[in-house]
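Chains, contacts and geometry: an overview
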Amino acid sequence: MKVIVCGAGQVGFSIARYLAAENNDVTVVDQRPELIRSISDTLDVQALVGYASHPGVLEKAGAEDADMLIAVTHADEVNMVACQVAHSLFNVPTKIARVRNQNYLQPHWANLFSRENMPIDVIISPEIEVARAIIRRLQVPGAMDIIPLAGDRVRLIGVRCTENTPVVHTPLRQLTQLFPELNIVVVGIVRNDRAIVPSAEDQMLPGDEVYFVVSTDRTQRALSAFGHEETAARRVLIFGGGNVGLFLAQALERDFPQVSAKIIENNKERAQHVAKTLDRTMVLLGDALNPEMLEEAGVAQAETVVAVSNDDETNILASLLAKRYGCQRAITLINKSTYNSLVGTVGVDVVVNPRTITVSKILQHVRRGRIHSVHSLHEGFGELIEADALDTSPLVGKPLKDVNLPAGVLLGAIVRGTQVISPRGTTVIQGGDRIILFASTAAIKKVEKMFSVRIEFF
C-alpha cells in the first residue's frame, strides 16, 4: 500500500514507523527540514521537505498513485486543504485528517466535510478521543488501560502488579486452574519498559504492567484477582479547562449524573468560557500546583484527579500533590513518552498519551480485510486486533492446537453471537466468529493476510 503522511511530528513519525515496519510504501512530507532529516535517518521511508497542501509537493510525493493520505500537521487548515487537493487533483481514495479546532466539528457544520465540499473520509479529533479514553478509565477504577471490543462484550484491561497482587509469581498456565470461571488471557507483559509476548510458563512479577483480555461481565472479578477492588469515583477534580478538560466535564454531566466534578483553570478568560459552557460543574480560577487552591477545591475528598493541562510537568506534579493531600487516584495526561517509565514508580496511577491514542485511532482506518478495529499497545509493542473470521481463513474449521499461528500472535477471545469463548487447544473457530487477538509488530502483516477478503467475496 502506498501512503503519504503529511506531518513529521510525533504522530506522523509514529504512523510512518508502523507502516514502514510492515513494508508499506510510505512518503512523509513536512516543511521543517530538521524533522525530515531525522525521519530519513531513522525510518525506511521517502521524506520530502515542502508544504503538504501544495499540489506540486503532493505530486512529488507520489499522490497520483497513492492509496491513502494521512494529514497530521500542526495546522488544521493545512490538513484539510491537503485532503482537498489529494481528492480533487489526484483522486486519492482515502483521506484522513487530524482536526483539533472544535469550531470545524460543530454538528451544524457537518456538511463541510461532505464529498461535495471538502471530502475527508475520516476526521480524528485527539482531544475528544483522549476525553473518551479517560471516561473509560473512570468507569473501571484499578485499570490503567481499558479498550472495549466487540460492542463492549470483551475488554482489554491493563493493570500494574505490586507485591500485594495475588497472582504474581504464578505461571500463566496455572491461572485457568486458580480462576476457572474468569477465562482471562494475558496477551502482554511490560517489564522494566521491555515488552514481552508471554508464554504459558511466564510469570507476572511485582512492577509488571499486564494486559489481559476478559469478558466484560467478568471485569470486576478479574480486577479482584489482580488485587484491585476500587469503587468508581463520584467526586472528580479536573486540572485544566482546555478542550480535553471541557469535553470530559461535558461527558460527565451528560452521561454520569451521579458524578460531581470540579475544574481548576488558571486562565481567567478560559475559566469564564468553561463556566458558561457547563451546567453543574464548578469551575475554580487558580493554580493546580497551589496547595491552598487544592484545599479549596476539596482535593482530600476527591476519589480521582484528572490532570489534563497543556504542560506535562504541571500534570505530573499536580497529580502527585493531589495524592499527597489525600486524593486516592490520579489520571495524568503526558505527551512525552520518556516520562512513561518514571511516573508509575512515583505515584501516578494512570497515564494517558494523546499521541498513542491518536495513532491507534488512525490505524483502525488503515487496516484492510475483515478487520474491525485496531489498538496499539505500548509504543510499538504490537496491536490488539478485532476481526471477523471468514470461511476461507486458515483459522476456521480445526482445533486451535492444530492451527499454525505466527510467532508473536495470541488469541484473546472469540465472540460467537452473544457468547464469549475463551480460546483453548480444543476450540474450533467457525466462519463469522469475531476474533480478538494480539499481534506483535513483526506479525501484523501476517495477521492482516489471515483476515483479508478474498476475491470471491467481493
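Residues numbered from 1 in each chain as written. Predicted model: local features only at pLDDT ≥ 70, side-chain atom pairs only at ≥ 80, totals over all residues. Heavy atoms only, no water.

As named in an unreviewed UniProt entry, the chain is Trk system potassium uptake protein TrkA, taken from Rhodospirillum rubrum.

Moving on, we come to the sheet that holds strand E14 (residues 282–285). Strand order in this open sheet of six strands is E14-E13-E12-E15-E16-E17, and the pairing throughout is parallel. Only two strands of the sheet have a single partner each, and these edge strands are E14 and strand E17 (350–352). Each strand axis lies, on average, 20° off the axis of its neighbour in the sheet, ignoring direction. Strand direction decides the pairing type here: strand E12 (residues 235–239) and strand E15 (residues 304–307), joined by four bridges, are parallel. (Pairing = 2+ DSSP bridges. Helix = DSSP H or I, 4+ residues; strand = E, 2+ residues; numbered from the N terminus. Axes fitted to C-alpha atoms, helices over the stretch in contact; angles between N-to-C directions.)

A few words on the UniProt feature "domain: RCK C-terminal" (unreviewed entry) in the chain. What UniProt calls "domain: RCK C-terminal" (unreviewed entry) maps, in this numbering, to residues 144–229 and 372–453. This span, residues 144–229, is 13% helix and 34% strand, and a straight line between its end C-alpha atoms measures 13 Å. (UniProt positions renumbered as here; feature names shortened; annotations may be inferred.)

What follows covers the sheet that holds strand E9 (residues 185–191). Taken in spatial order, the five strands of this open sheet run E7-E8-E11-E9-E10, and their pairing is antiparallel. Of all strands in the sheet, those with a lone pairing partner are strand E7 (145–149) and strand E10 (194–196), marking the two edges. The average undirected angle you get between the axes of adjacent strands in this sheet is 15°. Examined bridge by bridge, E9 and strand E11 (residues 209–215) share five bridges and lie antiparallel to one another. Its bridge partner being in E11, Val 185 is matched across the sheet by Val 213.

Let us look at the domain arrangement of the chain. Domain parsing of the chain yields domain 1 (2–124), domain 2 (143–216 + 367–457) and domain 3 (235–352). Each of domain 2 and domain 3 was reduced to a C-alpha centroid, and the two centroids are 33 Å apart. (Domains from an automatic or database assignment.)

Time to look at the confidence of the model for the chain. The pLDDT averaged across the chain works out to 90; a share of 97% of its residues lies at or above 70. Below a pLDDT of 50 lies the segment residues 453–458, which in the model reaches seven contacts outside its immediate sequence neighbourhood of four places, other chains included. (pLDDT = per-residue confidence, 0-100. Contact = heavy atoms within 4.5 Å.)

Looking now at the side chain of Thr 170. Here Thr 170 is to be found in the loop between strand E8 (154–160) and helix H6 (175–178). Not counting residues up to four positions away in its chain, the partners in contact with Thr 170 are Leu 178, Asp 202, Gln 203 and Met 204.

Right, let's talk about the environment of Ile 96 for a bit. Structurally, Ile 96 is set in strand E5 (residues 94–98). For Ile 96, a relative accessible area of 1% corresponds to the buried category. (Buried < 20%, exposed > 50% of the residue type's maximum accessible area, 1.4 Å probe, protein only.)

On to the nonpolar core. Taken as a class, soluble globular proteins show a tendency for nonpolar side chains to be buried jointly. In this structure, Ile 70, Ile 362, Ile 429, Leu 437 and Phe 451 are the most contacted members of the largest nonpolar core, which totals 46 residues. Element by element, the count of residues in this core is highest for helix H1 (residues 10–21), at six residues. Leave out the neighbours within four places in its chain, and Leu 437 touches Glu 383, Leu 384, Ile 385, Val 409, Leu 410, Leu 411, Gly 412, Val 447 and Phe 451. In this structure, Ile 147, Leu 246, Ala 251 and Ile 436 belong to the second largest nonpolar core, which totals 45 residues. (Core = buried A, V, L, I, M, F, W, Y, C linked by side-chain atoms within 4.5 Å.)

Phi is positive for Asn 91, which is not a glycine, with a value near 55°. With respect to the helices, strands and loops of the structure, Asn 91 is situated in the loop between helix H4 (76–88) and E5. Classification of Asn 91 by relative accessible area gives exposed; the value is 56%. The phi dihedral of Ala 150 is positive, around 50°, even though this residue is not glycine. Structurally, Ala 150 can be placed in the loop between E7 and E8.

Mapped onto the present numbering, the UniProt feature "domain: RCK N-terminal" (unreviewed entry) falls on residues 1–124 and 233–352. Overall, residues 1–124 shows 33% helix and 22% strand. The separation of its end C-alpha atoms is 21 Å.

Within the secondary structure layout, Ser 199 lies in the loop between E10 and E11. A relative accessible area of 39% means that Ser 199 is categorised as partly exposed. It is 15 Å that separates the C-alpha atoms of Ser 199 and Val 213, two residues lying 14 residues apart in sequence.

The next point concerns the packing of helix H5 (residues 126–139) against helix H8 (residues 243–255). The N-to-C vectors of H5 and H8 enclose an angle of 50°; their axes lie 8 Å apart at closest approach. Judged by the angle between their axes, H5 and H8 are oblique. In the packing of H5 onto H8, the handedness of the crossing is right-handed. Facing Glu 127, Ile 128, Val 130, Ala 131, Ile 134, Ile 135 and Leu 138 of H5, the residues of H8 in contact are Asn 243, Val 244, Phe 247, Leu 248, Ala 251 and Leu 252. Within the contact of H5 with H8, the residues separate by chemical class into 11 nonpolar, one polar and one charged. (Parallel < 35°, antiparallel > 145°, perpendicular 65-115°, else oblique. Left-handed = near helix turned anticlockwise from the far one by under 90°. Nonpolar A, V, L, I, M, F, W, Y, C, P; charged D, E, K, R; others polar.)

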